Structures are given as structure tokens and as C-alpha cells.
Amino acid sequence: MISRISCLLFTILLMSVVPMWVTADEKATSEDQTATPPALPEKLQKLLKQATPLNPQETLFLDRPAKAIYLKATVALQEGLLEMLCCPEQTKEHESILATNCTATPIHTALLALGAQSGEPVSFDPVFKAPTGEVLAITILWKADDGTVREQDSHEWIQTVTRRYFTAPLTTLPAGLTLPEDSDLMYDKTNQELLHFGTMSAEEEKMHLTLSNDPAFQKAIRELQKSSQPSPLEADWVFAGSIIDVDPTTGQKRYLADGGDLICVANFPSAMIDIAIKSSASDGQRGYEANPQAVPAPGTPVVIKIQRQKDVAAKQAN
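Quantities reported herein were computed from a predicted structural model and do not represent experimental measurements.

### With respect to the sheet that holds strand 11 (residues 193-197)
Spatial ordering of the open sheet is given by 9-11-10, a layout of 3 strands whose pairing is antiparallel. Each edge of the open sheet is held by one strand with a lone partner, namely strand 9 (165-169) and strand 10 (185-188). Adjacent strand axes in the sheet meet at a mean angle of 25 degrees when their direction is disregarded. Where strand 9 and strand 11 come together, 5 bridges link them in antiparallel fashion. In the strand pairing of strand 11, proline 169 is matched with glutamate 193. Of the strands in this sheet, strand 9, strand 10 and strand 11 touch helix 6 (residues 215-227), which is tilted by about 145 degrees from strand 9.

So this is what it looks like as C-alpha cells:
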């Protein structure tokens with residue numbers, strides 16, 4: 001049976017088991033790991049040396065003066081539909097931009113050490129209730145192709161889905177118009193809609209507008225071009241906190257976010273960090289994808305910086 005525990009009890013439990021917020025399971029796992037973490041540029045290595053490592057793998061760090069935690073990760077997905085911004089390695093890399101050699105449990109505890117307050121995960125029963133919790137600022141740092149260290153808001157790495165059909169109302173096709181077979185345009189006579197698959201570029205818009213001077217057709221083309229343009233994720237990241245339940249087989253308690261739901265773009269009751277809006281995990285309804293114009297090549301090592309949004313705002317105000 002699922003049960004919630006308070007942040008305070010969660011912290012006391014973890015710190016009483018092993019030092020430096022490391023779980024017993026994570027410590028045992030680390031002893032079997034032999035892979036060398038990807039090299040980071042010197043500037044980022046210096047950043048991490050100023051912080052305190054919180055796990056044996058030295059992939060999670062606490063920087064109290066900066067009021068931030070740092071998480072070493074690697075780009076797993078540059079293009080495709082998303083459920084995650086970041087997941088633990090060997091869990092959900094096929095639908096997550098980043099993967100890290102760290103489970104959710106110590107990251108949860110590090111957030112508590114920053115003073116972040118966990119809220120409640122998403123709820124679907126009896127009605128949808130968005131996840132709540134401390135609003136977080138998540139920034140990604142990495143070495144760009146030109147050799148410079150880049151720092152970008154994580155929202156810019158995620159965009160609204162473009163791999164779908166966009167529609168615009170159109171009562172009928174202009175008389176005598178036949179849409180080119182090699183075009184991404186389609187007409188749905190039943191629903192009286194003009195459709196376009198994927199993003200319509202400005203050049204494509206100009207080409208389509210030459211097909212007919214009919215005002216209704218031209219209006220539909222312009223609507224499709226506008227609606228098909230991707231936009232960055234705008235929702236807040238919130239520290240939902242996931243849940244602890246009991247494994248029915250072993251009888252042991254488990255923190256569900258350790259299964260992969262670390263920093264989520266689709267809503268999950270097990271999410272540690274989620275977005276504070278409705279976002280489906282269903283394949284046909286997923287609303288976000290990786291932004292290939294922003295995300296570097298797979299395998300690129302990065303540092304994820306997580307802070308309380310209120311701390312970032314206070315620093316900017318000063």
C-alpha cells in the first residue's frame with residue numbers, strides 16, 4: 001500500500017543509514033561499476049571541485065554557497081518524443097534527453113538540504129490535479145563544438161511536438177486545385193480541414209500560397225505555418241517528491257522515482273521533479289520533444305545545475 005512520508009523523516013532516514021546521503025543500494029551498485037565517467041571541460045571540473053560530492057560515483061554535488069546542486073549526466077537523445085529531461089542510466093534513455101549515473105533518492109535529499117520543499121505528485125483520480133512543490137530552476141552546462149562552455153535554461157532543450165498533423169479549418173478546396181503528391185499537405189473532406197504534417201517552413205509557406213489565390217485557402221496555409229512552429233517548454237519545474245511504497249514481493253520500502261522518473265516532462269505519480277501542467281505520457285498524445293537545434297550530440301557530457309527558483313530570483317534582484 002502506497003504511503004507518504006514527510007521530508008523531515010525522509011532526510012533523517014537516509015542520513016541515518018549511510019553518510020553523505022548515499023543509500024545502501026547505491027553504494028553496493030557503485031562497487032560493481034568500472035566505467036570511467038565522460039570527461040568534462042576544465043571550467044566545469046573546477047566548478048564541481050568547489051562543491052561536495054554526495055555519492056560514491058561523484059556524479060552528484062552540493063554547493064551550499066551557491067545554493068545549488070550539480071548532477072553529471074550525458075546526452076542520451078538529441079531528437080525524439082520525450083517523457084523525461086533526465087533519467088537514471090539504464091532506465092528510460094529512449095525517451096529522455098539526459099541520463100545520469102545517479103538514482104533519485106540522493107538527489108531528493110540534496111534538494112532538501114538546499115531548503116527545497118517537496119509537494120505532491122500528479123493525481124488523476126477522481127480528476128486531474130497538477131503536481132505541486134518548490135519551483136526549481138534547472139540549467140544545463142556543457143562544452144559546445146566551438147570549445148566554449150555553454151550555459152542554457154533547460155526549457156530551451158524541450159519544445160512542443162512537431163511530428164504530428166496540424167490542422168486549419170477549410171470548408172472546401174478551391175475549385176480545380178489538386179494538392180501536390182510530394183507535399184505534406186492533405187485535405188480532410190469529412191472534417192473540412194486542411195492538414196500539414198510537421199513544421200511548415202517559411203519557404204514552404206510561400207510555395208503553398210502560390211497554389212491558389214483563394215482567400216480561405218491562403219488563410220488556412222498561414223494558420224498552418226504559424227501553428228506548426230515549435231515553442232519552448234514554458235511550464236515550471238516543481239519538486240513533486242515522488243512516493244514511497246512497499247514492494248509486494250520483498251516487503252521492502254522503495255522510492256519509486258529510482259525506477260527512472262527523475263526529471264519528468266510527462267506527468268507520473270512517481271516523478272521526483274515534474275512540470276506543473278497536464279502532460280500526457282501516452283504515445284499519441286505526448287506534447288513535447290527534444291529540440292535538435294539546442295541539444296548537443298548524444299554522448300556529450302553535461303552538468304545539470306538545480307536551484308530553488310526563489311534563490312535565483314533573489315540573486316538576480318541583488
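So that's the structure; there's more coming.
### Quick word on the layout of surface pockets
By volume, the second largest pocket is sized at about 440 Å³. If you trace the second largest pocket, you find 24 residues lining it, with Ala137, Lys305, Gln307, Val312 and Gln316 closest to the centre. When residues of the lining of the second largest pocket are traced back to their parent elements, those giving at least two are strand 6 (135-143), strand 7 (149-153), strand 18 (301-308) and helix 7 (309-317). At 6 residues, helix 7 tops the list of elements feeding residues into the lining of the second largest pocket.

### Considerations on a nonpolar patch on the surface
Together, Tyr165, Met186 and Phe197 give the surface a local cluster of nonpolar side chains, amounting to about 290 Å² of exposed area. With respect to the helices, strands and loops of the structure, phenylalanine 197 is situated in strand 11.

### Describing unusual backbone geometry
Looking along the chain, the bond that leaves aspartate 125 and enters proline 126 is cis, with omega of 5 degrees. Here proline 126 is to be found in the loop between helix 4 (104-113) and strand 6. For lysine 67, which is not a glycine, the phi torsion comes out positive at approximately 55 degrees. For lysine 67, the location among the structural elements is in the loop between strand 2 (60-63) and strand 3 (68-75). Unlike most non-glycine residues, glutamine 192 shows phi in positive territory, near 55 degrees. Within the fold, glutamine 192 resides in the loop between strand 10 and strand 11.

### Some points on the side chain of serine 212
Take serine 212: it is sitting in the loop between helix 5 (202-209) and helix 6. Serine 212 gets classed as buried once you look at its relative accessible area, which sits at 12%. Within the structure, the side chain of serine 212 is placed 3.0 Å from the backbone nitrogen of aspartate 214, a separation counted as a polar contact. With residues up to four places along the chain from it excluded, the contact list for serine 212 reads Pro174, Leu177, Phe217 and Gln218.

### Structural notes on the state of the cysteines
Counted according to the given criterion, the structure contains 0 disulfides. The structure places no disulfide on cysteine 102, whose sulfur is separated from the nearest cysteine sulfur, that of cysteine 86, by 8.9 Å. Take cysteine 102: its relative accessible area is 3%, and that puts it in the buried class. The thiol of cysteine 264 is not disulfide-bonded; the next cysteine sulfur, from cysteine 87, is found 9.5 Å away. For cysteine 264, a relative accessible area of 0% gives the class buried.

The rules behind the values
- Residues numbered from 1 in each chain as written.
- Predicted model: local features only at pLDDT ≥ 70, side-chain atom pairs only at ≥ 80, totals over all residues.
- Heavy atoms only, no water.
- Pairing = 2+ DSSP bridges.
- Helix = DSSP H or I, 4+ residues; strand = E, 2+ residues; numbered from the N terminus.
- Axes fitted to C-alpha atoms, helices over the stretch in contact; angles between N-to-C directions.
- Contact = heavy atoms within 4.5 Å.
- 1 Å grid on protein atoms, 1.4 Å probe; cavity = no way out; pocket = protein on both sides within 12 Å on 5 of 7 lines; lining within 4 Å.
- Points joined across faces, edges and corners; volume = space filled by probe spheres on them.
- Patch = residues over 30% accessible without salt bridge, like charges linked within 9 Å, V, L, I, M, F, W, Y side chains within 5 Å.
- Areas by Shrake-Rupley, 256 points an atom, 1.4 Å probe, with all protein chains shown as cover.
- Salt bridge = Lys/Arg side-chain N within 4 Å of Asp/Glu carboxyl O.
- Buried < 20%, exposed > 50% of the residue type's maximum accessible area, 1.4 Å probe, protein only.
- Polar contact = N/O pair within 3.5 Å; in protein donor to acceptor, adjacent residues only side chain to side chain.
- Disulfide = S-S within 2.5 Å.

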